[in-house]
Every structure is written in structure tokens, then in C-alpha cells.
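Below are the chains, spelled out letter by letter.
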Amino acid sequence: MLLSKSSESFAYASAAIRYISSHDRHPDTSLNNLLVLSPDCAYEAYAELDLLYHHILESIDPRTRYIVLKILCLYCSRFMGYIHWIGILFGEKTSTLELALVKMSSVIQFEWQSGRFPIYHTSFGDFLRDKVCSGGLYVYSSDVATPVAAALMSRIWVPPVIFSQDDHLLTDITGMIEDFDAIAVDMKIHILRAFIASPFPITLAMYRMLVFRIFFAKIDRGSQSKDHPAALTQLFLGAFEHLAMWLEDIKALENKNAVGVQDIESAIQQNGVLQRELSK
């Protein structure tokens, strides 16, 4: 019966085997759990696989599931950082995140030594990014993605506490921003909203200039693009306006030699993101 439910899907078969062999429950219990699952729309492609993914996520406790979804939100948004850096980003103990990922061992391959956590099959990522298939488990839902986006944006401005630690985290965020064009529209919306809501600092550490320049460029291009959905275009324009207002604050500073101010102005001039405002 389990074979027929797999519909010759390797992703289903491999995930089911790992789920049954996990240490959280007796194998007979796990097998019975899978056998009684029945999709509402059995005629739809991958219905059984989607149902399996639903069951795996919903079988863990709500707090752990929320942590897992936030981690997967980052993963699906091209954040390639180690689990340790994600713990710092979320303000969670690394051990808490590790335990959460271990409970998802049927679909996530957590690597203890490296701290990486690749998913076993691309279909799981497709499921998480599909609002219809994943339903309440959608990784870009407001409940999940809004705090993730806020955490990402806040780390750009936070002064470094432990330089090497913050430098690693910022490097991972920079890599994500570099791939901003490839991020799903819904996640872009959450990130831009978080950016617009975040207050700019008066000073900015020099080592954060790279991510600043990259994000400036993305906002500049996004504000001029005609290919985005209307809601996203409005947010790009809002982010551009946010930057313009910040520039006015910078220009109004009496102390132009404050730490970081000259670096910021230099970054703006080199990037050209606010040249339209400067030329007015």
C-alpha cells in the first residue's frame, strides 16, 4: 500500500523510509501514520508527497515547527549560512536549532560538523515555496517571514559585538542580498517592508559598506523596473524614498566627520542610487 501511495516517486519513498526509521517513535507507529494519510485531491500530481510533507512538519510540536519554518524561510531565500549564525540572527541557542533540525531528519540532512542543513529533495523546497500546496506551512507567510526579514535588516545596522562572529553573519547576509533578484516575490516584499520600517543609523561601521552598496543597487534597479508586480514596485519606490530621506538627514549633520558618515556618502556617490535626488 505504501508503494502505491508513492506513485513511483523517489522523493516520497526516500522521505517515507527516513520518517519510519527515525528515533522519535516506533517504526510500526510511523508506518501506520503514513498508511492512514489520505489527500483530499488524490487526482492531483504529487498530492501524496505534499500530504507527507504536511504530516512530517505537523508531527512536531508548534514551537519547534515555528523554528524550523523560520530556518527554512532563510534556506529558501538563498541564505547559505551555518546553523550557528542563524542562532545568532534569531537570538536562539545553537543547540535549540540543531534539535529542531534533527526532528526533521526525514527531509533535512543536518550536518553536525559543518552546521549545514541541505534538504534531501528539491520537491520539499518547492512545497515550502508553494502557497497552495503548503497552506499554513508556507515559509513566506507573514507569521514566519516578517520576523525573519526584520532580523536580517536589523543585523545590517547592529554594531559588531564580536567582530569575527558578526563578520561571518554579515557575509552570509551579503550573499543573500547579492541574489536578491532570485528571491521569491513574497519574501522580497517582507524584506523591503522591514527595510522601510528600520531606522537608519547616524554612523555605520566601515566593514558594512559592501552589503550597503549592494542593497542600494538592488533598490535603485527595482525602483526603475517595470517587470515587478504592482505591490513590489510600490515597495521598491518606498525604499528609494526612505533612502532619499536618510540622505537629507546625512546632509543636515553638522559634524560631517562623524565616524562612518564620509564612508556612507562615498558609497552613495559610487553607487549612484540617489543621484536623481542629488541632482534636484
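From a predicted model like this one, the values you see are computed outputs, not experimental measurements. (Residues numbered from 1 in each chain as written. Predicted model: local features only at pLDDT ≥ 70, side-chain atom pairs only at ≥ 80, totals over all residues. Heavy atoms only, no water.)

A description of the overall build of the chain should follow, citing residues and the corresponding values.
A count of helices and strands for the chain gives 16 helices and zero strands. Taken over 280 residues, the chain has a buried fraction of 48%. Of the contacts made within the chain by residues no fewer than 6 positions apart, 68% connect residues no fewer than 24 positions apart. Entry remark: accessible area of the chain is about 14,000 Å², with carbon and sulfur atoms responsible for 55%. (Helix = DSSP H or I, 4+ residues; strand = E, 2+ residues; numbered from the N terminus. Buried < 20%, exposed > 50% of the residue type's maximum accessible area, 1.4 Å probe, protein only. Contact = heavy atoms within 4.5 Å. Areas by Shrake-Rupley, 256 points an atom, 1.4 Å probe, with all protein chains shown as cover.)

Describe the environment of Leu152, and please don't skip the residues or the numbers.
Note on placement: Leu152 falls in helix 10 (residues 142–157). Judged by its relative accessible area of 2%, Leu152 falls in the buried class.

Describe the packing of aromatic side chains, with residues and values.
The final tally for this structure, using the stated rule, is nine aromatic pairs. Look at Phe110 and Trp112: their rings are 4.9 Å apart centre to centre, the planes differ by 70°, and that puts the pair in the edge-to-face class. Considering the side-chain rings of Phe180 and Phe236, the 6.3 Å spacing of their centres and the 85° angle between planes classify their relative orientation as edge-to-face. One end of the pair, Phe180, is in the loop between helix 11 (163–178) and helix 12 (185–197); the other, Phe236, is in helix 14 (residues 230–252), with 56 residues separating them in the sequence. (Phe/Tyr/Trp six-rings, centres within 6.5 Å; stacked < 30°, edge-to-face > 60°.)

Any details on the side chain of Lys70? Residues and values, ideally.
Tracing the chain through its elements places Lys70 in helix 5 (residues 62–76). Here Lys70 is buried and forms no salt bridge, its nearest opposite-charge partner Glu92 lying at an N-O distance of 5.2 Å. Each residue touching Lys70, except ones within four places of it in the same chain, is listed here: Phe90, Val144 and Val148. (Lys, Arg positive; Asp, Glu negative; His and termini not counted. Salt bridge = Lys/Arg side-chain N within 4 Å of Asp/Glu carboxyl O.)

For helix 6 (residues 83–90), give the residues involved together with the corresponding values.
Taken across its eight residues, helix 6 has seven buried, putting it largely inside the fold. By the burial criterion, the buried members of helix 6 are Ile83, Trp85, Ile86, Gly87, Ile88, Leu89 and Phe90. At the C-terminal side of helix 6, Gly91 shows a positive phi close to 70°.

Give me the lowdown on unusual backbone geometry, citing residues and values where you can.
Backbone geometry at Arg78 places phi at a positive 70°, although glycine is not the residue there. One can find Arg78 in the loop between helix 5 and helix 6.

Which residues make up the pattern of salt bridges, and what are the values?
It is possible for side chains of opposite charge to pair when their charged atoms get near one another. This model, assessed by the stated rule, comprises six salt bridges. As a salt-bridge pair, Arg63 and Glu92 come within 3.1 Å of each other at their nearest N and O atoms. Taken as a pair, Arg63 in helix 5 and Glu92 in the loop between helix 6 and helix 7 (94–102) lie far apart in primary sequence, 29 residues in all. Overall, Glu92 belongs to the partly exposed group, its relative accessible area being 21%.

I'd like a description of the side chain of Asp172, backed by residues and values.
Relative to the elements of secondary structure, Asp172 occurs in helix 11. Filtering out sequence-adjacent residues up to four positions away, Asp172 remains in contact with Phe79, Gly81, Tyr82 and Trp85.

Any details on the packing of helix 6 against helix 7? Residues and values, ideally.
Between helix 6 and helix 7, whose axes approach to 8 Å, the crossing angle comes to 115°. Relative to helix 7, the crossing made by helix 6 is right-handed. Residues Ile83, His84, Ile86 and Gly87 of helix 6 lie in contact with helix 7, whose contacting residues are Thr94, Leu97, Glu98 and Leu101. Here the contact of helix 6 with helix 7 is built from residues that sort into four nonpolar, three polar and one charged. (Axes fitted to C-alpha atoms, helices over the stretch in contact; angles between N-to-C directions. Left-handed = near helix turned anticlockwise from the far one by under 90°. Nonpolar A, V, L, I, M, F, W, Y, C, P; charged D, E, K, R; others polar.)

If you had to explain the state of the cysteines to someone new, which residues and values would you point to?
Under the definition given, this model contains zero disulfides. As a non-bridged cysteine, Cys73 has Cys76 as the owner of its nearest cysteine sulfur, 7.5 Å distant. (Disulfide = S-S within 2.5 Å.)

Tell me about the confidence of the model for the chain, and name the residues and values.
On average, the chain scores 77 in pLDDT, and the residues at 70 or more come to 65%. Across the chain, element-level confidence peaks in helix 5 with a mean pLDDT of 95 and bottoms out in helix 16 (residues 275–278) with 48. Below a pLDDT of 50 lies the segment residues 254–260, which in the model reaches 10 contacts outside its immediate sequence neighbourhood of four places, other chains included. (pLDDT = per-residue confidence, 0-100.)

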